[in-house]
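Chain residues, written in single-letter form:
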Amino acid sequence: MNAPFADLHLSNLSNAELEQADLAQARLLSVSLSNANLAGAVLNGASIHSCQLDGADLSLASGECISITESTMRAAKLSGFRGRCAFVRDCDLEHADLSKAYLYRSMITGDPPQSMALNHANLEGSNLVQAYLAAGMAESNLEQRVPHTFA
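Quick caveat: nothing in here was measured; it's all calculated off a predicted structure. (Residues numbered from 1 in each chain as written. Predicted model: local features only at pLDDT ≥ 70, side-chain atom pairs only at ≥ 80, totals over all residues. Heavy atoms only, no water.)

Trainee: Looking at this structure, how should I read empty space enclosed by the protein?
Mentor: Empty pockets left among the atoms are what a rolling probe the size of a water molecule brings to light. The full count for this structure, using the stated rule, is two cavities of 30 Å³ or more. The computed volume of the largest cavity comes to approximately 120 Å³. If you go around the largest cavity, you meet 13 residues; those closest to its centre are Phe81, Val88, Leu93, Leu98 and Leu103. In this structure, the second largest cavity spans a volume of roughly 80 Å³. Lining the second largest cavity are Leu23, Leu28, Leu33, Leu38, Leu43, Ile48, Leu53, Leu58, Ile68, Met73, Leu78 and Phe81. Grouping the amino acids of the lining of the second largest cavity by side-chain chemistry returns 12 nonpolar, no polar and no charged. (1 Å grid on protein atoms, 1.4 Å probe; cavity = no way out; pocket = protein on both sides within 12 Å on 5 of 7 lines; lining within 4 Å. Points joined across faces, edges and corners; volume = space filled by probe spheres on them. Nonpolar A, V, L, I, M, F, W, Y, C, P; charged D, E, K, R; others polar.)

The following block contains the structure:
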């Protein structure tokens, strides 16, 4: 699907097959994408507000400068997600898999911080250099695997 600058409102796209879709600069408002397949999709500059992405697969998707606000992404798969300078506010990402995500200079926050949920999220191996996180993070995995060198 090639739909840059798409404008989607009040839509139900649950379980949609949007693998490698081009949704750059798209604007999504109150859209259900629960359990949708967005693996490898291009979401650069997209604006996502009040949407449901619970269980959605965004692995290896690109979302540079993406804005996601007041949305749910419980148990979403974001492994390898490329989200440089992403802005995520007041969202629920409990149990989300953000392993190996590239979140350089991203801002992931809530107002108050507890309104941004990263509880039980997997951030193992993610790049969080210069990222700002202010969220509930109980039992989240922030481990960084260091390669072993043997003499």
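On we go.
Trainee: Can you help me understand the side chain of Thr72 in this one?
Mentor: By the element assignment, Thr72 lies in the loop between strand E4 (67-69) and strand E5 (87-89). A polar contact of 3.2 Å, which involves the side chain of Thr72, links it to the side chain of Asp54. Excluding its chain neighbours within four sequence positions, the residues that come into contact with Thr72 are Cys51, Gln52, Leu53, Asp54 and Asp92. (Helix = DSSP H or I, 4+ residues; strand = E, 2+ residues; numbered from the N terminus. Polar contact = N/O pair within 3.5 Å; in protein donor to acceptor, adjacent residues only side chain to side chain. Contact = heavy atoms within 4.5 Å.)

Trainee: Help me understand the sheet that holds strand E3 (residues 47-49), please; the structure alone is not making it clear to me.
Mentor: Strands belonging to one sheet form pairs held by backbone hydrogen bonds; the direction of such a pair is parallel or antiparallel. The sheet built from seven strands is open, its strands ordered E1-E2-E3-E4-E5-E6-E7 with parallel pairing. Since the sheet does not close on itself, it has two edges, and those belong to strand E1 (7-9) and strand E7 (132-134), each with one partner. The mean angle between the axes of side-by-side strands here comes to 5°, regardless of whether they run parallel or antiparallel. Both E3 and E4 contribute to a ladder of three bridges, which runs parallel. Pairing of Ser47 across the sheet is with Ser67, part of E4. (Pairing = 2+ DSSP bridges. Axes fitted to C-alpha atoms, helices over the stretch in contact; angles between N-to-C directions.)

Trainee: Help me out: how do you make sense of unusual backbone geometry in this one?
Mentor: What is expected of a backbone is that most residues other than glycine have negative phi and most peptide bonds are trans. Put simply, Asp111 and Pro112 share a cis peptide bond, and its omega is 5°. Along the polypeptide, Pro112 turns up in the loop between strand E6 (107-109) and E7. Positive phi values are uncommon outside glycine, yet Ser30 reaches one of about 55°. With respect to the element layout, Ser30 can be found in the loop between strand E2 (27-29) and E3.

Trainee: Mind showing me how you'd approach the state of the cysteines here?
Mentor: Chemically, a disulfide is nothing more than a covalent bond linking the sulfur atoms of two cysteines. One pass over the structure, following the stated rule, counts zero disulfides. Free cysteine Cys85: the closest other cysteine sulfur is in Cys65, separated by 4.9 Å. Judged by its relative accessible area of 28%, Cys85 is partly exposed. The closest cysteine sulfur to the non-disulfide-bonded Cys91 is located on Cys51, 9.4 Å from its own sulfur. (Disulfide = S-S within 2.5 Å. Buried < 20%, exposed > 50% of the residue type's maximum accessible area, 1.4 Å probe, protein only.)

Trainee: Looking at this model, I keep getting lost on the side chain of Asp90. Mind explaining?
Mentor: Position of Asp90 relative to the elements: it lies in the loop between E5 and E6. Of note is the side chain of Asp90, whose polar atom sits 2.7 Å from the side chain of Arg89. In this view, Asp90 contacts Glu70, Ser71, Thr109, Gly110, Asp111, Ser115 and Met116; residues no more than four positions away in its chain are not counted.

Nothing here speaks to function; it is all geometry.
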